[in-house]
Amino acid sequence: MFKPYLLLLISLIYCFSAQAQKPKKPTSSEIYQSIEKLNFLGSVLYVAAHPDDENTKLISHMANAVKARTAYLSLTRGDGGQNLIGTELGDLLGVIRTQELLAARKIDGGEQLFTRANDFGYSKHPDETLAIWNEDEVLSDVVWAIRKFQPDIIINRFDHRSAGSTHGHHTSSALLSMEAFDLASDKSKFPNQLKSVDVWQAKREFFNTSWWFYGSQEKFEAADKTGQFAVEVGDFYPALGLSNPEIAALSRSAHKSQGFGNTGTRGSETEYLELVKGDMPKDKNNIFDDIDTSWNRVKGGKPIGILLKEVQDNYDFKNPSASLPKLIEAYKLIQKIDNSHWKTIKSEDLKNVIAACMGLYLEVAANSNTATPNGKVDLNLEAINRSAQDIKLISIVLSDGTNLKKNTDLKFNQSQRFKSQINIAASASYSTPYWLNNKGTLGMYNVDQQNLIGLPETPRNITATFNISMHGEILSYTRPVIYKTNDPVKGEVYKPFEIVPEVSAYISEPVIIFADDQQKDIQVIVKANRENLEGFVQLAHPKGWNVYPEKQNVAILHKGQEQTLVFTVIPPKNQSEGLLSPMVHIGKEIYTKKIVEINYDHIPFQTVLLPNESKIVRLDIKKRGENIGYIEGAGDLVPESLRQIGYNVVIIKPENITAETLNRFDAIVVGIRAYNTVDALKFKQKQLFDFVEQGGNLVVQYNTNAGIIVDQLAPYPLQLSRDRVTNENAEVKFLNPNSELLNYPNKITQKDFEGWVQERGLYFPNKWSKEFTPVLSMHDEGESPQEGSLLIAKYGKGHYIYTGLSFFREFPEGVAGAFRLFANMLSVGKESIKTDQQLKN
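We now turn to the structure provided with this report. The structure displayed is predicted, hence computed values, not measured ones.

Strands sit in the order β21-β23-β27-β25 across an open sheet of four strands; the sheet is antiparallel. Where the open sheet ends on each side, the last strands, each with one partner, are β21 (503-506) and β25 (546-548). Taken over all neighbouring pairs, the strand axes of this sheet differ in orientation by 30° on average, direction set aside. Two elements, strand β23 (residues 520-528) and strand β27 (residues 562-570), share eight bridges in a ladder whose sense is antiparallel. Looking across to β27, one finds that K520 is bridged to V569.

The next subject is unusual backbone geometry. With an omega dihedral of -5°, the bond running from Y548 to P549 counts as a cis peptide bond. Structurally, the position occupied by P549 is in the loop between β25 and β26 (551-556). A cis geometry characterises the amide bond from Y744 onward to P745, with omega recorded as -5°. Residue Q150 is not a glycine yet carries a positive backbone phi of 55°.

This part is about the packing of helix α10 (residues 302-313) against helix α11 (residues 324-334). Interaxial distance between α10 and α11 falls to 10 Å at its minimum, and their mutual angle equals 165°. With respect to α11, the element α10 is oriented roughly antiparallel. As for how α10 packs across α11, the hand of that crossing is left-handed. Touching P303, I304, L307, L308, E310 and V311 of α10 are K326, L327, E329, A330, L333 and I334, all from α11. The residue makeup of the contact of α10 with α11, split by class, is nine nonpolar, no polar and three charged.

With that settled, the discussion passes to helix α9 (residues 244-252). Within α9, seven of the nine residues are buried, which leaves it mostly tucked inside the rest of the structure. N244, P245, E246, I247, A248, A249 and S251 are the residues of α9 that are buried.

Time to look at the pairing of strand β4 (residues 153-156). Across a regular strand the side chains alternate sides, sitting on one face of the sheet and then on the other. Residues I153 and I155 of β4 are buried on one face, and the alternating residues I154 and N156, pointing to the opposite face, are buried as well. Bridge count for strand β1 (residues 43-48) against β4 is four bridges, and the pairing is parallel. Pairing of L45 across the sheet is with I154, part of β4. With four bridges connecting them, β4 and strand β5 (residues 204-209) associate as parallel partners. When the sheet's bridge partners are listed, N156 is paired in β5 with F207. Following the backbone out of β4, through helix α7 (residues 168-183) and into the adjacent parallel β5, one traces a crossover that is right-handed.

The next thing to look at is the packing of aromatic side chains. The final tally for this structure, using the stated rule, is 26 aromatic pairs. Ring geometry for F158 and F213: centres 6.3 Å apart, planes at 70°, overall edge-to-face. Of this pair, F158 sits in the loop between β4 and α7 while F213 sits in the loop between β5 and α8 (217-222), and the two are 55 residues apart along the sequence. By relative accessible area, F158 is classed as buried at 7%. The partly exposed category is assigned to F213, whose relative accessible area is 26%. Through successive ring pairs, a cluster of aromatic residues spans F734, F753, W756, F807, F811, F819 and F822. Note that R77 overlies the ring of F114, its terminal NZ or CZ placed 4.1 Å from the centroid. Between R724 and the ring centre of Y763, over which it is positioned, the NZ or CZ distance is 5.0 Å.

Here we take up the pairing of strand β17 (residues 473-480). In terms of burial, β17 is a largely internal element, six of the eight residues being buried. In textbook terms, the turn of a hairpin is the stretch between consecutive antiparallel strands, and for strand β16 (residues 463-470) and β17 this stretch comprises two residues, one of which, H471, has a positive phi near 50°.

In this section: the nonpolar core. Ranked by size, the top nonpolar core spans 79 residues in total, and within it L642 and Y800 carry the most contacts. With eight residues, the single largest contributor to this core is helix α18 (residues 816-827). Beyond its immediate chain neighbours, meaning those up to four positions away, L642 contacts I628, Y647, V649, F811, F822 and L826.

This next bit is on the pattern of salt bridges. In this structure the tally under the stated criterion is 36 salt bridges. E246 is the partner of R266 in a salt bridge, and the nearest nitrogen-oxygen pair spans 2.7 Å. Residue R266 is found in the loop between α9 and β9 (270-278), and its partner E246 is found in helix α9; the two are separated by 20 residues along the sequence. Residue E502 is joined to R530 by a salt bridge in which the shortest nitrogen-to-oxygen separation is 2.5 Å. Of this pair, E502 sits in the loop between β20 (498-499) and β21 while R530 sits in the loop between β23 and β24 (533-540), and the two are 28 residues apart along the sequence. Connected via shared salt-bridge partners are E54, R105 and D108.

Attention now moves to helix α3 (residues 56-65). α3 sits mainly inside the fold: eight of its ten residues count as buried. Among all positions of α3, only T56, L58, I59, S60, H61, M62, A63 and N64 are buried. Following α3 by one or two positions, K67 adopts a phi angle in the positive range, close to 75°.

Within the fold, D279 resides in the loop between β9 and α10. Distance in space between the C-alpha atoms of D279 and K203 is 7.6 Å, their sequence separation being 76 residues. Not counting the four nearest positions on each side in its chain, D279 is found in contact with K203, R204 and D290.

With respect to the element layout, E100 can be found in helix α4 (residues 91-108). Considered as a pair, E100 and N83 are 17 residues apart in the sequence and their alpha carbons are 12 Å apart. Contact partners of E100, with chain neighbours within four places excluded, come to I85, A254, H255, K256, S257, H602 and I603.

The seven strands lie next to each other as β3-β2-β1-β4-β5-β9-β6, forming an open sheet whose pairing is mixed. Each end of this open sheet is capped by a strand with a single partner; those strands are β3 (111-114) and β6 (228-232). Each strand axis lies, on average, 30° off the axis of its neighbour in the sheet, ignoring direction. Strand direction decides the pairing type here: β1 and strand β2 (residues 69-74), joined by six bridges, are parallel.

With their axes 10 Å apart at the nearest point, α11 and helix α12 (residues 340-357) run at an angle of 160° to one another. As far as their axial angle goes, α12 and α11 are roughly antiparallel. Note on packing geometry: the crossing formed by α11 with α12 is left-handed. Between α11 and α12, the contacting residues are L324, L327, I328, A330, Y331 and I334 on the first element and K343, K346, S347, L350, K351, V353, I354 and C357 on the second. Of the residues contributing to the contact of α11 with α12, the split by class is ten nonpolar, one polar and three charged.

Cut-off values and rules
Residues numbered from 1 in each chain as written. Predicted model: local features only at pLDDT ≥ 70, side-chain atom pairs only at ≥ 80, totals over all residues. Heavy atoms only, no water. Pairing = 2+ DSSP bridges. Helix = DSSP H or I, 4+ residues; strand = E, 2+ residues; numbered from the N terminus. Axes fitted to C-alpha atoms, helices over the stretch in contact; angles between N-to-C directions. Parallel < 35°, antiparallel > 145°, perpendicular 65-115°, else oblique. Left-handed = near helix turned anticlockwise from the far one by under 90°. Contact = heavy atoms within 4.5 Å. Nonpolar A, V, L, I, M, F, W, Y, C, P; charged D, E, K, R; others polar. Buried < 20%, exposed > 50% of the residue type's maximum accessible area, 1.4 Å probe, protein only. Right-handed = clockwise from strand over helix to strand, strands pointing away. Phe/Tyr/Trp six-rings, centres within 6.5 Å; stacked < 30°, edge-to-face > 60°. Lys NZ or Arg CZ within 6 Å of the ring centre and 35° of its normal. Core = buried A, V, L, I, M, F, W, Y, C linked by side-chain atoms within 4.5 Å. Salt bridge = Lys/Arg side-chain N within 4 Å of Asp/Glu carboxyl O.

Right, here's the structure in full:
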């Protein structure tokens, strides 16, 4: 069929283009590995729920030892996780974790796929998960992935029989995979997909079991494994100088936002696979037993296999280009086969091997990293052949249709450089993650184009195609337009070439709190993405709020420059909230998006276009104390949020935690997971406890129960657990209605627990000494009450407070009650101090 062939071709071109952002320059050994893979026609699909769920040892083994085409289908992008390297959460964290998965696959040799499911946070049961996800749509996406990828073998990370005993997303990924195994071959299921792909039946499906599912290593070692398929994954690859577990560790370490740095090991290791569908391989050493993975699999493929085996056997590591004549001959034969699936895959693979063997370097670089629709961009193009083969550059065709006819010989090691210009269409789509283009639901992204579903990134559409002739065959290589600069420290730095709106505007604070009815001056920063920008800006605002002036003119001469406008926002007298949205009028167009840039060294630079909205909250809030010291943990926006309600917040570095420093503050707040991630704190507990004993308040936010770096988390015994309440709307009961935390200076009511997002809290303590007083009780449906979400203990003259409530999620969403409760936590004990002072007077 033509359409599946075209769809797969687009997907493969995309995969190569995404990697070509920073061109890979394979070594002779890596080229040889790619040649070995050309002669293997088998596929493995690994299925789980989140980034970092995948077994990188097994993926690397399948890709590098078995030589199978291997992909990881992650149902979500990990939006609901935490972030150990920055403050991005939600959608932006999903963008980061998507790129971390792509980085992992580049290391272990796999490919990366997704569904439209959104990671909405921890779920305790698959029934809840599948109710929040659109079960039918996610199932259709898994079926789509199977039909498109055509795996012979499917491996699930999780057990479909584990409902209620682990993360609901985990079990759901296995349940959906099991169902999709059968449905993918049924023409009556999701028939609209068949316009683009064919039905497909995988041969067998496994559950990748391990000691974790048995409860302990001892129980797993004692278990009967006669019904399981054992896979040796401790391979050593001499051509790479690395063991398979070492490659897997490097891949695992790509998940930096989750703190999953991993140390590689060497030596024999075994993974176990439990058959859950299909037949067990009779050959215990071949998971592909009874599956023809040779070129005999396709009609007319036998001579291709013979030819490529000859190339492999006679490969010259010192002169890879000696293989080119036979590789070209094999390419010509592949074009004659009828199987469009393997024809497309192997044609692209072989073209890349041919380019690597000739040392072919092709690049198209823009003079700027951004452009706007209907604009023009200058390009620098380069082509060089570093082999002795006779090669000719026939033409370069730009994505705007420009055909640069060259008919130029690419002589050995002589770089050919050209200049050109490309027109960006007025209808060009903006460069932003495609799954964020439309507003989705709590559980699903809204993607309206079937051909985009499953792709890890938005395809790059601004390209140049180099048409190369050698040995009578014309090969076309498409490269995305990129941008590169030279950094004095990093050297050559690549960035994606992005299409952006002609103007963007933003308010730096995502949430603006009005603690009283006093007006505030709000800055709107307008950035021009083209030359000579003129227009005006208005602020959309909720009813009952007032903005002055109504509009302001903007005039920016040069691209990249910014202009700051100041609007006065006047809140209502009573508590109110809504959205404040800058609208930039340029001619007849109104722009309401902001550009968010994500820039970390371990992933490519990301440009994300989001609705330009800041939440404004007129909050009925009181506080006591002024000066707050904040000890940062894994990254959150709590300090900025506390400043919003009038506190003077100072970041304290661990080395500066001394009695003299601490005594300047009314309260100290310890950031999320600080006792998991900041090793220096193990030496600072005495100073912090002394601060409390002398009358200070210490508020400690959540830490995970594993990996605590201090022996004593609190001045009294306190034990963390994995207890959590995932329902953000779970009923909250007041265990001690007279507690100062619920009454001073703000009277906390049930209304303060409305509008919370994602969860109530996590990793609550489950054991504590009698000195602690629990304040709140809450629980998920069908579970016993959890009373460890907020604990307070008097210690000396001050107070120690431990909370697992998710303030780090609630503050960025402007949840009013979260601010009021936290203000009480910081103010505790201040009422008695005030009373004592009044008595003295």
